[in-house]
Amino acid sequence: MRLYSASWSVSLCITAVVLEIHKRLMLVAAVGLLAPAIARIPVSFITNGGPLAFFGLTDLCLLACVAVDTYRNRRLHPVFLWGTIAVIAFQPLRILLSGTQLWIHFAGRLVGLAK
């Protein structure tokens with residue numbers, strides 16, 4: 001969620017300057033949010049595969065976007081390079097932090113704000 005917020009904030013700041021960067025940052029941010037949605041799909045290989053399955057499918061979606069954009073523009077855009085690295089690098093960190101008391105307390109406070 002933090003990665004989404006950060007890439008969304010950065011993309012808003014540079015929208016007026018460079019639309020090519022903005023659309024790629026928004027796509028990376030949106031694909032970064034797919035892991036929880038994919039994890040909830042009731043298919044046996046996803047539910048039995050655990051984090052490797054749903055993060056792997058998220059990575060495949062991101063790599064498909066990168067491949068299509070690279071094919072169309074005949075070059076790998078730096079936003080896709082660094083965005084893909086960031087999404088993949090933060091996946092193990094998301095697993096490590098998700099069970100900590102700090103995160104559970106923070107998430108509980110956020111849910112409390114929504115009530």
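Summary of the structure given here.

Conventions used here
Residues numbered from 1 in each chain as written. Predicted model: local features only at pLDDT ≥ 70, side-chain atom pairs only at ≥ 80, totals over all residues. Heavy atoms only, no water. Helix = DSSP H or I, 4+ residues; strand = E, 2+ residues; numbered from the N terminus. Buried < 20%, exposed > 50% of the residue type's maximum accessible area, 1.4 Å probe, protein only. Contact = heavy atoms within 4.5 Å. Areas by Shrake-Rupley, 256 points an atom, 1.4 Å probe, with all protein chains shown as cover. Axes fitted to C-alpha atoms, helices over the stretch in contact; angles between N-to-C directions. Parallel < 35°, antiparallel > 145°, perpendicular 65-115°, else oblique. Nonpolar A, V, L, I, M, F, W, Y, C, P; charged D, E, K, R; others polar. Phe/Tyr/Trp six-rings, centres within 6.5 Å; stacked < 30°, edge-to-face > 60°. Lys NZ or Arg CZ within 6 Å of the ring centre and 35° of its normal. Expected span 1.5 Å × (residues − 1). Polar contact = N/O pair within 3.5 Å; in protein donor to acceptor, adjacent residues only side chain to side chain.

1. A short note on the overall build of the protein
Okay, step 1: Within the protein, the secondary structure is distributed over seven helices and zero strands.
Okay, step 2: Ordering the α and β elements of the protein from the N terminus gives α-α-α-α-α-α-α.
Okay, step 3: Across the 115 residues of the protein, 24% fall into the buried class.
Okay, step 4: Of all intrachain contacts in the protein linking residues separated by at least 6 positions in sequence, the fraction that spans at least 24 positions is 52%.
Okay, step 5: Surface exposure of the protein reaches about 7,900 Å², of which carbon and sulfur atoms provide 73%.

2. Thoughts on the packing of helix H5 (residues 51-73) against helix H6 (residues 78-98)
Okay, step 1: Viewed as axis vectors pointing N to C, H5 and H6 meet at an angle of 175°, and their least axial separation amounts to 11 Å. Between H5 and H6, the crossing angle belongs to the class labelled roughly antiparallel. Together, Pro51, Phe55, Thr58, Asp59, Leu62, Leu63, Cys65, Val66 and Asp69 of H5 and Phe80, Thr84, Val87, Ile88, Gln91, Arg94 and Ile95 of H6 make up the contact between the two elements.
Okay, step 2: The class makeup of the residues in the contact of H5 with H6 is ten nonpolar, three polar and three charged.

3. Section: the packing of aromatic side chains
Okay, step 1: If you walk through the whole model with that rule in mind, you get two aromatic pairs.
Okay, step 2: Ring centres of Phe54 and Phe55 lie 5.0 Å apart, and the angle between their planes is 55°; on these two criteria the pair is classed as tilted.
Okay, step 3: Over the ring of Tyr71 we find Arg74; its NZ or CZ atom is 5.2 Å from the centre of that ring.

4. Quick look at helix H2 (residues 19-32)
Okay, step 1: Between its first and last C-alpha, H2 extends 20 Å over 14 residues, near the 20 Å set by a 1.5 Å rise per residue.
Okay, step 2: Along H2, the positions that sit buried rather than exposed are His22, Arg24, Leu25, Val28, Ala29, Val31 and Gly32.

5. Concerning the side chain of His77
Okay, step 1: By the element assignment, His77 lies in the loop between H5 and H6.
Okay, step 2: On the accessibility criterion, His77 (10% relative accessible area) is buried.
Okay, step 3: Within the structure, the side chain of His77 is placed 3.2 Å from the backbone nitrogen of Val79, a separation counted as a polar contact.
Okay, step 4: In this view, His77 contacts Ile21, Arg24 and Asp69; residues no more than four positions away in its chain are not counted.

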